[in-house]
Amino acid sequence: AQSVSQHNHHVILSEAASLELGCNYSYGGTVNLFWYVQYPGQHLQLLLKYFSGDPLVKGIKGFEAEFIKSKFSFNLRKPSVQWSDTAEYFCAVHLDRGSTLGRLYFGRGTQLTVWP
Amino acid sequence: EAGVVQSPRYKIIEKKQPVAFWCNPISGHNTLYWYLQNLGQGPELLIRYENEEAVDDSQLPKDRFSAERLKGVDSTLKIQPAELGDSAVYLCASSLGLSGEASDTQYFGPGTRLTVL
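We now turn to the structure provided with this report. These numbers come from a predicted model, not from an experiment. (Residues numbered from 1 in each chain as written. Chains lettered and ligands numbered in written order. Predicted model: local features only at pLDDT ≥ 70, side-chain atom pairs only at ≥ 80, totals over all residues. Heavy atoms only, no water.)

1. Some remarks on the state of the cysteines
A full pass over the atoms with the stated rule returns 2 disulfides over all chains. One disulfide in the model links Cys23 of chain A with Cys91 of chain A; its S-S distance is 1.9 Å. Its S-S torsion of about -65 degrees marks the bond between Cys23 of chain A and Cys91 of chain A as left-handed, since a negative value means left-handed. With Cys23 of chain A in the loop between strand 3 (19-21) and strand 4 (24-25) and Cys91 of chain A in strand 10 (residues 87-95), this residue pair connects regions lying 68 residues apart in the sequence. Residue Cys23 of chain A is classed as buried on the basis of its relative accessible area, which comes to 0%. Residue classification places Cys91 of chain A among the buried positions, given a relative accessible area of 0%. Linked covalently through their sulfurs, Cys23 of chain B and Cys92 of chain B form a disulfide whose S-S length is 1.9 Å. Given an S-S torsion of about -70 degrees, the disulfide between Cys23 of chain B and Cys92 of chain B has left-handed geometry. On the criterion of sequence distance, the pair formed by Cys23 of chain B in strand 3 (residues 19-24) and Cys92 of chain B in strand 9 (residues 88-95) is long-range, its members being 69 residues apart. Like Cys92 of chain B, Cys23 of chain B is buried. (Disulfide = S-S within 2.5 Å. Helix = DSSP H or I, 4+ residues; strand = E, 2+ residues; numbered from the N terminus. Buried < 20%, exposed > 50% of the residue type's maximum accessible area, 1.4 Å probe, protein only.)

2. A closer look at the interface of chain A and chain B
At the junction of the two partners, chain A supplies 20 residues and chain B supplies 23 residues. Both faces combined, the contact of chain A with chain B buries some 1,700 Å², and carbon together with sulfur accounts for 51% of it. Together, Leu101, Arg103 and Arg108 of chain A form the three largest contributors to the area buried by chain A at its contact with chain B, with a combined 29%. For the interface between chain A and chain B, the tally reads 1 salt bridge. For Asp56 of chain B, the salt bridge is made with Arg103 of chain A, and the minimal N-O distance between the two is 2.9 Å. Summed over the shared surface of chain A and chain B, the result is 6 residue pairs in polar contact (both at pLDDT 80 or more). Those elements giving two or more residues to the side of chain A that touches chain B turn out to be strand 5 (31-38), strand 6 (45-50), strand 10 and strand 11 (104-106) of chain A. (Contact = heavy atoms within 4.5 Å. Buried area = accessible area lost by both parts, 1.4 Å probe. Salt bridge = Lys/Arg side-chain N within 4 Å of Asp/Glu carboxyl O. Polar contact = N/O pair within 3.5 Å; in protein donor to acceptor, adjacent residues only side chain to side chain.)

Shown next as structure tokens:
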């Protein structure tokens, strides 16, 4: 079965600290990778995505993620977090073939709390 | 442009009762998804529709769950009868295309939080 692991369940940072959230997946074929964010009281929103090409992808609000194929990882980073980044972050994987085409596999999420 | 609309936002029922959730996707979106999100977990796909056809329902527990998207627009997800373990958030999402490709971004609604007592 496919799986997506987010190792940090809850991360607490002060404003201006750097952020890195880990994401690993268990599929060896071609994957497409996503980070979604859910701000308090809001719905899931796409933060960034990787399909192919440059493994370093940039998203909204200063976030970026790096795809490392050899490590099956797609970690999310931000150099300097803000209080408004407090949210839950979900990593998701899309497999590019087979009967599961169109299905997103999500990790369990990481709750980020940023103190002002 | 309006996003994905879901109703109700919250529902509390007693076990063994039926319950239904409604979703209206973004206008023009051909693909509709229902996800289940248990507390402390990420969303898991229940069913995916392309227009009115259910093209991926392998994870829908068909003994008690059913879904329909009769005119290829809005959709209803039903549970009958509900069990305590069904307490969760039910998310609806939609996307524009029909191919299931990753490039077809999924847009999520606010979800319906179900509590079964």
